[in-house]
Amino acid sequence: MPVEEFVAGWVSGALGLVLGHPFDTVKVRLQTQTTYRGIIDCMVKIYRHESLLGFFKGMSFPIASIALVNSVLFGVYSNSLLALTATSHQERWAQPPSYTHVFIAGCTGGFLQAYFLAPFDLIKVRLQNQTEPRAQLGGPPPRYRGPMHCAASIFQKEGPRGLFQGAWALTLRDTPTMGIYFVTYEVLCRQCTPEGQNPSSATVLVAGGFAGITSWVAATPLDVIKSRMQMDGLKRRAYQGVLDCMVSSVRQEGLGVFFRGITINSARAFPVNAVTFLSYEYLLRWWG
Ligand SMILES: CN(C)C(=N)NCCC[C@H](N)C(=O)O
């Protein structure tokens, strides 16, 4: 099993994550809180009340876990393709796999990574939603003092299952959209590259960026539901499950609720995934 695929997935994911986290915080707030009038209003309020640090809330756990999560995604994807087509990463541009195989391998990677991602994503979303400035003298302390405190409080209150709140919505979000992610990347790379050659850096950047946008546009409806399920139960349980969350969100806010955060999600997806794919391809060529 090629270990490099896992390491390349880790490094590339970490680079993308740092770049995209401030956008991710704005997106999560827009999806779960109704106090913001839009992207700019949300950004201004975060900056005014919480300073620049407010945009980076909840980043430490994703950084610590990205090694696991992204190496599972890229490692499982690549090794599933190897099992389906018997071609290694180095041979893949000369003997391209079918799009069906790419889709199946992408869905497999997405399905498995969702379980590794779920607890870390839950803690990230809970911390991103804390609107208190970090050092607020005399003000009410935030519910969670940091990622470890957040994990421990959820564990104490709800046991290990509590750490997987929203995991089902996350799996539904990631399984098909990871297939879309890798298929879009492959289609664009092949369209812009002469047969049998490796794609250029510019091609990898553009294909990676558009793979990010396409998959996130498809993922946004379930991303909204996932974030709401993860925030549920802080005071009292509002939703009985994924379907109930969908129905009551639509009842209260209309169909537009499924597109909350879609603009910022897409704007974030391009640079994050361009950098992720570029570093992934380069690391594998370098080790190749
Ligand atoms: C639609 N989905 C869930 C994805 N395309 N995920 C893969 C991209 C992961 C990247 N770190 C990002 O956060 O964009």
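Quick caveat: nothing in here was measured; it's all calculated off a predicted structure.

(A) Structural view of the pattern of salt bridges. Enumeration according to the criterion identifies 16 salt bridges in this entry. Here arginine 29 makes a salt bridge to glutamate 50, at a shortest N to O gap of 2.8 Å. Of this pair, arginine 29 sits in helix H1 (residues 3-32) while glutamate 50 sits in helix H2 (residues 39-50), and the two are 21 residues apart along the sequence. Of the two residues, arginine 29 and glutamate 50, neither departs from the other in class, the shared state being buried. For aspartate 174, the salt bridge goes to arginine 173, with nearest N and O atoms at 2.6 Å. The exposure class assigned to aspartate 174 is buried, which follows from its relative accessible area of 2%.

(B) Spotlight on the site of the ligand. In the vicinity of the ligand, the residues found are Arg173, Asp174, Thr177, Met178, Tyr181, Ser215, Trp216, Ala219, Arg268, Val272 and Asn273. Tryptophan 216 places a polar side-chain atom, nitrogen or oxygen, 2.8 Å from an oxygen atom of the ligand. Contacts to the ligand include arginine 268, whose side-chain N or O atom sits 2.6 Å from an oxygen atom. Burial of the ligand by the surrounding chains reaches 91%, relative to a free accessible area of 390 Å². Within the residue set of the shell around the ligand, elements represented by two or more residues are helix H6 (167-191), helix H7 (201-231) and helix H9 (262-287). Examining the composition of the shell around the ligand, we find that 5 residues originate from one element, H6, more than from any other. Residues that form the shell around the ligand fall into these classes: 5 nonpolar, 3 polar and 3 charged.

(C) View of the packing of aromatic side chains. On inspection of all chains with the given rule, the structure shows 11 aromatic pairs. An aromatic cluster is present here, built from Phe74, Tyr77, Tyr181, Phe182, Tyr185, Phe277 and Tyr280 joined pairwise through their rings.

(D) Geometry of the environment of valine 7. Position of valine 7 among the secondary structure elements: in helix H1. Distance in space between the C-alpha atoms of valine 7 and phenylalanine 74 is 9.0 Å, their sequence separation being 67 residues.

(E) View of the environment of lysine 157. Inspection of the secondary structure assignment puts lysine 157 in helix H5 (residues 147-158). Judged by relative accessible area, lysine 157 falls into the exposed class, the value being 54%. Residues lysine 157 and alanine 269, spaced 112 residues apart in sequence, show a C-alpha to C-alpha distance of 34 Å.

(F) Representation of helix H3 (residues 60-85). Its 26 residues give H3 an end-to-end C-alpha distance of 37 Å, which sits within 8% of 38 Å, the value for a rise of 1.5 Å per residue. Of all the bends in H3, the greatest, near 50°, is centred on isoleucine 66. After H3 finishes, the residue alanine 86 shows a positive phi value of roughly 60°.

(G) A look at a nonpolar patch on the surface. A cluster of nonpolar side chains, contributed by Leu68, Phe111, Leu112, Tyr115, Phe116, Phe164, Trp168 and Leu172, occupies part of the molecular surface with about 740 Å² of accessible area. Contributions of two or more residues to the nonpolar patch are made by helix H4 (99-128) and H6. Here the element with the most residues in the nonpolar patch is H4; it accounts for 4 residues. Take phenylalanine 116: its relative accessible area is 36%, and that puts it in the partly exposed class.

Rules used in this analysis
- Residues numbered from 1 in each chain as written.
- Predicted model: local features only at pLDDT ≥ 70, side-chain atom pairs only at ≥ 80, totals over all residues.
- Heavy atoms only, no water.
- Salt bridge = Lys/Arg side-chain N within 4 Å of Asp/Glu carboxyl O.
- Helix = DSSP H or I, 4+ residues; strand = E, 2+ residues; numbered from the N terminus.
- Buried < 20%, exposed > 50% of the residue type's maximum accessible area, 1.4 Å probe, protein only.
- Near = heavy atom within 4 Å.
- Polar contact = N/O pair within 3.5 Å; in protein donor to acceptor, adjacent residues only side chain to side chain.
- Areas by Shrake-Rupley, 256 points an atom, 1.4 Å probe, with all protein chains shown as cover.
- Nonpolar A, V, L, I, M, F, W, Y, C, P; charged D, E, K, R; others polar.
- Phe/Tyr/Trp six-rings, centres within 6.5 Å; stacked < 30°, edge-to-face > 60°.
- Expected span 1.5 Å × (residues − 1).
- Bend = angle between axes of the 7 residues up to and from the residue.
- Patch = residues over 30% accessible without salt bridge, like charges linked within 9 Å, V, L, I, M, F, W, Y side chains within 5 Å.

Purely geometric numbers; function is a separate question.
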